[in-house]
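# Chains, contacts and geometry: an overview
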Amino acid sequence: MQEIITIHIGQCGVCVGLKYWESLADEHGLDCQGRFVGSSPLQLEKIGVNFAESQSGRHSPRAVFADLDSTSVAALSASSCTGLFRPDSLIEGTGEAASTYGRGYDSPGAKAMAESILTSVQRQLELSDRVRAVHIVHSLGGGTGSGLTSRLLQQGLSGVPVHTFSLFPGQPAIIEAYNATLCAPHLASSAEITYCWDLAGLRAASERPKPDIEDVNRTAANMMLGLTACVRFPGQLNLSPGKLASALVPLPRLHFLLSSLGWGSTHGNSVRELSARMLSPEAQLAACDPSAGRILSAAGIFRGRVPIQALDSALTDLRARREAVFPNWLTHAFSTGVCDIPPRGETVSAAFFVNSSSTANLVEQQATQVRKLFASGRAFFHLYQQEGITEGDMSEALDECDRLCSLYRETATA
Ligand SMILES: Nc1nc2c(ncn2[C@@H]2O[C@H](COP(=O)(O)OP(=O)(O)OP(=O)(O)O)[C@@H](O)[C@H]2O)c(=O)[nH]1
Ligand SMILES: [Mg+2]
């Protein structure tokens with residue numbers, strides 16, 4: 001068994017987490033207390049990837065929820081599925097919203113919270129067989145989401161590879177741009193994979209025309225469910241997180257991925273239409289067009305009875321139609337996984353992951369905004385200086401962001 005431990009940080013991380021674990025419990029046939037009430041042995045077969053079973057037969061998420069501000073964890077504790085979570089996996093602060101990176105990274109509360117998270121992760125590692133990845137869900141714009149995540153990445157999580165699900169700030173952002181620019185270098189240097197989201201992309205990809213924040217969080221959760229489908233259920237073609245990392249990351253720092261979702265039926269044409277969403281700008285969970293840059297790698301994880309031949313031919317055609325967006329050296333563009341079990345209410349679904357050099361734009365937009373703020377009198381930067389962040393720290397972070405963006409461009413045009 002290759003387990004996954006998931007850490008939800010700050011309001012965004014915790015609120016997305018609530019939707020994710022509600023849906024995971026449902027897919028694996030668990031009630032709100034973690035008792036199995038499902039109908040198929042397949043729901044139990046690999047349940048251990050995400051849930052630890054107690055001696056009494058209850059299944060609890062291999063997860064930690066942490067926020068310096070108590071409201072999001074309190075909301076989770078008050079939710080109908082609170083019985084699912086181990087009380088010691090819910091770590092709430094007593095402070096107000098931190099808002100700045102410095103408070104999330106270096107305040108006494110942040111340091112204590114990082115220790116509590118590491119203790120909780122260590123406990124979960126001891127209860128696991130072979131953890132393949134720690135997933136961190138957070139926003140780069142929040143003080144807690146940016147600062148606390150950076151501290152954890154810097155300290156390391158017992159050597160286990162970290163995959164982050166990172167919500168980038170929308171435009172135009174002030175404090176959020178500072179926070180994101182300080183956090184991005186930690187993602188680049190310490191995460192194995194970063195899945196990039198932003199609110200505009202999540203909203204546009206939500207199923208309802210005027211999505212509220214719950215719909216947006218459900219979309220984010222659906223992407224996470226799609227990503228892990230192959231390791232949770234049996235299927236025709238396995239694509240584990242390890243294989244995905246090997247297939248999608250050409251250089252260690254170039255690991256910022258776009259993602260998209262699709263639903264359909266099992267007809268050959270539908271598989272073709274579904275596959276086209278992989279490169280469609282409107283379908284991306286971050287407002288970023290993958291074809292605006294070069295595509296360094298891509299993967300699709302399909303759920304349901306997908307005919308493999310139709311899938312292969314759809315992907316071959318997709319590559320032929322879009323040849324110009326792939327660099328010459330990329331001979332094998334797409335990795336695929338197929339899991340037999342579709343999500344509830346669907347016959348076929350897919351989650352796509354693309355490593356495009358255009359993803360660098362998400363980082364660059366934040367750095368550009370910080371440079372504008374610096375050029376026009378360093379608005380709000382005193383809040384960072386009060387927390388010990390210097391101008392030198394900020395220009396070092398900007399340089400790191402520039403290096404990442406240049407590396408993406410150089411590799412794409414090589
Ligand atoms: N998708 C999504 N985004 C959210 C949610 N809550 C906040 N955000 C976004 O996250 C960013 C702010 O980060 P938060 O997660 O609220 O901040 P935090 O990590 O709690 O940090 P603090 O500043 O300390 O409160 C903004 O861009 C918000 O739009 C949520 O429930 N879902
Ligand atoms: Mg908060």
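What comes next concerns the included structure. Nothing here was measured: the structure is a model prediction, and the numbers come from that model.

### Describing the site of ligand 1
Taken together, 19 residues sit near ligand 1, with Cys12, Gly143, Thr144, Gly145 and Asn217 positioned nearest. Taking Glu176, its side chain carries an N or O atom lying 3.0 Å from an oxygen atom of ligand 1. For ligand 1, the accessible surface in isolation is 630 Å², of which the surrounding protein chains cover 85%. Counting residues per element, the shell around ligand 1 draws most heavily on helix H1 (residues 10–27), at four residues.

### Considering the environment of Pro61
Looking at the secondary structure, you find Pro61 in strand S3 (residues 59–61). The spatial distance from the C-alpha of Pro61 to the C-alpha of Gln43 is 15 Å, given a sequence separation of 18 residues. With sequence-adjacent residues up to four places away left out, Pro61 is seen in contact with Trp21, Asn50, Phe51, Leu84, Phe85 and Gln124.

### Examining unusual backbone geometry
Its identity is not glycine, yet Ser158 carries a phi of approximately 55°, on the positive side. Its place among the elements puts Ser158 in the loop between helix H6 (143–155) and strand S7 (162–168). The phi dihedral of Arg378 falls on the positive side, at around 60°, and the residue is not glycine. Turning to its location among the elements, Arg378 is positioned in the loop between helix H13 (360–375) and helix H14 (381–386).

### A few points about the sheet that holds strand S9 (residues 256–264)
Taken in spatial order, the 10 strands of this open sheet run S5-S4-S1-S6-S7-S8-S9-S12-S10-S11, and their pairing is mixed. One side of each edge strand has no neighbouring strand; the edge strands of this open sheet are strand S5 (90–95) and strand S11 (334–339). Shown here is a sheet whose adjacent strand axes are inclined to one another by a mean of 20°, direction ignored. In the packing of helix H12 (residues 308–321) onto the sheet, contacts are made with strand S10 (295–303) and S11, and the angle to S11 comes to roughly 155°.

### As for the nonpolar core
Counting 61 residues, the largest nonpolar core has Ile7, Ile117, Val121, Leu157, Tyr178 and Phe256 as its most contacted members. When we break this core down by domain, the ones giving at least three residues each are domain 1 (2–246) and domain 2 (258–357). Residues in contact with Leu157, not counting those within four places in the same chain, are Ile7, Leu118, Val121, Val134, Ile136, Leu152 and Val162. With 50 residues, the next largest nonpolar core counts Ala205, Met223, Ala299 and Phe353 among its residues.

### Description of the pairing of strand S1 (residues 2–9)
Burial runs high along S1: seven of the eight residues are buried. Sheet analysis places S1 next to strand S6 (residues 130–139), joined by seven bridges and oriented parallel. Considered in S6, the bridge of His8 is made with Val137. Two strands pair when backbone bridges link them, and S1 and strand S4 (residues 63–69) are joined in this way by four bridges, in the parallel orientation. Within S4, the position partnered with His8 by the bridge is Phe65.

### Regarding the environment of Lys19
Mapped onto the fold, Lys19 is located in helix H1. Once the C-alpha coordinates of Lys19 and Val216 are considered, the two residues, 197 residues apart in sequence, prove to be 9.9 Å apart. Those residues within four positions of Lys19 in sequence are excluded, and the remaining contacts are Glu214, Asn217, Arg218 and Ala221.

Basis of the calculations
Residues numbered from 1 in each chain as written. Chains lettered and ligands numbered in written order. Predicted model: local features only at pLDDT ≥ 70, side-chain atom pairs only at ≥ 80, totals over all residues. Heavy atoms only, no water. Near = heavy atom within 4 Å. Polar contact = N/O pair within 3.5 Å; in protein donor to acceptor, adjacent residues only side chain to side chain. Areas by Shrake-Rupley, 256 points an atom, 1.4 Å probe, with all protein chains shown as cover. Helix = DSSP H or I, 4+ residues; strand = E, 2+ residues; numbered from the N terminus. Contact = heavy atoms within 4.5 Å. Pairing = 2+ DSSP bridges. Axes fitted to C-alpha atoms, helices over the stretch in contact; angles between N-to-C directions. Core = buried A, V, L, I, M, F, W, Y, C linked by side-chain atoms within 4.5 Å. Buried < 20%, exposed > 50% of the residue type's maximum accessible area, 1.4 Å probe, protein only. Domains from an automatic or database assignment.

So yeah, pure geometry; function would need other evidence.
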